[in-house]
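These are the residues of each chain, in order.
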Amino acid sequence: MTASTPTQLSQPASQHKDIIIIGASHAGIACAERLRKLGHEGSITVIDRLKGLPLERPPLSKAFLKSAESDETAFALRSESWFADNQITLMAGVTVTQIAPQDHQLTLDNGDTLGWHQLVLATGAYPRPLPISGGDNKNIMMLRHPVDARALRSKLNAAKHVIIIGGGYIGLEVAASARTLGKEVSVIEAADRLLARVASAEASAYFQALHQANGVAIHTQAQVSGIAETETKMQVLIGDNKANNATMDADLIVAGIGVIPDMDLAAKAGLSTGNGVLTDAFYRSSAADIYAIGDVALPAHGYTNGTIRLESVHHAQMSADIAAQSMMGQAADAHETPWFWSEQYDVRLQSAGLVPADHDTVRREGRRQGQVSFWSFSANGKLAAVEALNDSQAYMVGRHLLSSPDPENRITKALIADPATELKTLMKRP
Ligand SMILES: Cc1cc2nc3c(=O)[nH]c(=O)nc-3n(C[C@H](O)[C@H](O)[C@H](O)COP(=O)(O)OP(=O)(O)OC[C@H]3O[C@@H](n4cnc5c(N)ncnc54)[C@H](O)[C@@H]3O)c2cc1C
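Residues numbered from 1 in each chain as written. Predicted model: local features only at pLDDT ≥ 70, side-chain atom pairs only at ≥ 80, totals over all residues. Heavy atoms only, no water.

Here five strands make up an open sheet; going across it, the order is E22-E23-E26-E25-E24 and the pairing antiparallel. The open sheet terminates on both sides in strands that have one partner only, identified here as strand E22 (339-344) and strand E24 (360-365). Mean inter-strand twist for the sheet, computed between neighbouring axes without regard to direction, equals 15 degrees. Pairing of E22 with strand E23 (residues 347-353) involves six bridges; the strand directions are antiparallel. Paired with glutamate 343 across the strands is arginine 348, a residue of E23. Helix H9 (residues 392-403) contacts E22, E23, strand E25 (372-377) and strand E26 (383-389) of the sheet and is inclined by roughly 165 degrees relative to E26. (Pairing = 2+ DSSP bridges. Helix = DSSP H or I, 4+ residues; strand = E, 2+ residues; numbered from the N terminus. Axes fitted to C-alpha atoms, helices over the stretch in contact; angles between N-to-C directions. Contact = heavy atoms within 4.5 Å.)

Put into structure tokens, the structure is as follows:
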């Protein structure tokens with residue numbers, strides 16, 4: 001699959017409108033920034049229910065957990081002066097409780113109403129609660145925002161044995177951070193492999209081996225059926241409550257079983273929603289002058305054609321850029337091939353494309369020790385995704401190939417598997 005074609009909009013330019021963005025995280029801030037760069041001269045207000053300067057999210061499961069408490073400015077998405085310099089008003093610690101698409105108004109939790117010409121929903125997502133007995137115990141930690149990471153960091157410092165429920169990227173990154181801090185760590189995953197929803201089977205096996213080599217106990221095909229708490233410990237019940245049950249004790253439980261798009265405002269206002277706020281390729285929602293970007297958006301005609309909601313910094317920024325161009329009545333960029341990264345121990349994963357469910361994957365060793373990449377092909381033989389471990393050349397070549405049309409099926413499994421193939425030569429047209 002290659003990037004989708006750019007398209008020109010016929011909307012008139014709107015440089016003096018008042019724009020409100022709900023959500024001051026990766027998508028919302030990127031949209032505000034792009035609007036100013038494109039020459040928007042009207043007001044831009046970004047509202048977020050979280051207090052303080054917005055922080056980056058990816059470090060929250062990585063460097064932030066291992067950092068000192070006073071270190072937070074290093075993780076700021078933008079400095080305080082950036083907001084002033086760009087004349088962007090940040091309303092932090094304020095929740096939007098309702099939007100009225102017809103009236104072009106919204107209501108805040110203090111009862112005030114604000115008017116807008118264009119509104120951007122960048123409300124992101126929130127962690128999926130554990131649907132089991134005891135799953136609502138307030139001592140089960142979830143990780144999404146800085147406030148969660150601060151609480152987790154402080155509990156982590158005191159804990160000896162940490163159980164992580166969910167072997168997705170966030171769970172595994174927390175496992176790596178906790179292990180690096182010297183904690184005993186167990187990961188419990190219901191599926192038959194780690195990262196089952198997002199990675200190739202080969203990448204899953206790689207990460208399982210990496211964690212085991214670092215002393216993490218991995219339990220796959222293990223269904224957590226309950227959580228109990230005594231005065232001294234937390235207990236995780238694994239099994240069906242009938243036979244073959246097991247109990248594991250921990251001082252700290254972290255749940256990372258995916259997220260739910262935060263589309264409450266959109267749904268209450270009658271916007272079209274599915275597993276996200278439905279938009280067109282320009283991130284325009286079903287209501288006039290309302291856009292949805294980042295993790296909350298489900299673009300019907302983008303790279304994934306409304307089938308998958310992308311949860312990544314890259315999608316937050318790309319959707320913000322396209323929405324800003326669209327709001328300004330300018331030609332919009334093409335939807336790019338999705339990309340993502342993760343860091344665990346001394347391994348950096350960089351991936352491009354989406355691994356299909358029925359993937360056929362080729363392993364390729366890199367030029368240096370420790371470099372490896374997994375190239376996944378779809379049932380029709382087309383390259384669909386590349387997962388590169390400490391191998392930025394493989395990632396760069398793979399991303400380039402995924403973004404370029406390949407009508408003659410030049411990029412084959414045999415070509416990639418052949419150690420004699422020089423990856424960088426593939427970037428040249430034949
Ligand atoms: C711990 C962690 C690690 C990650 N690591 C990576 C990584 O390594 N690589 C990668 O590509 N991606 C990573 N991600 C994913 C990436 O951070 C998200 O895709 C990205 O944050 C999405 O940005 P967003 O702006 O759409 O939403 P969010 O970051 O969820 O922000 C939404 C904001 O909207 C606010 N909001 C919601 N509703 C309201 C309301 N009614 N009123 C006011 N404010 C509201 C929220 O308070 C929040 O600040 C990670 C995410 C987490 C949580």
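Still more ground to cover, so stick around.
Taking strand neighbours across the sheet as the criterion, the three strands line up as E13-E14-E15 in an open arrangement whose pairing is antiparallel. Looking at which strands have only one partner, the edges of the open sheet turn out to be strand E13 (224-229) and strand E15 (246-250). Strand-to-strand twist in this sheet, taken as the mean axis angle between neighbours without regard to direction, amounts to 20 degrees. As judged from the five bridges shared by E13 and strand E14 (residues 234-238), these two strands associate in the antiparallel manner. Bridge pairing links alanine 228 to glutamine 235 in E14.

Below, the discussion takes up the packing of helix H1 (residues 26-37) against helix H8 (residues 313-327). At their nearest, the axes of H1 and H8 sit 8 Å apart, and the two run at 35 degrees to each other. Note on packing geometry: the crossing formed by H1 with H8 is right-handed. Residue-level contacts link His26, Ala27, Ala30, Cys31, Arg34 and Leu35 of H1 to Val313, Ala316, Gln317, Ala320, Asp321, Ala324, Gln325 and Met327 of H8. By residue class, the composition of the contact of H1 with H8 is nine nonpolar, three polar and two charged. (Left-handed = near helix turned anticlockwise from the far one by under 90°. Nonpolar A, V, L, I, M, F, W, Y, C, P; charged D, E, K, R; others polar.)

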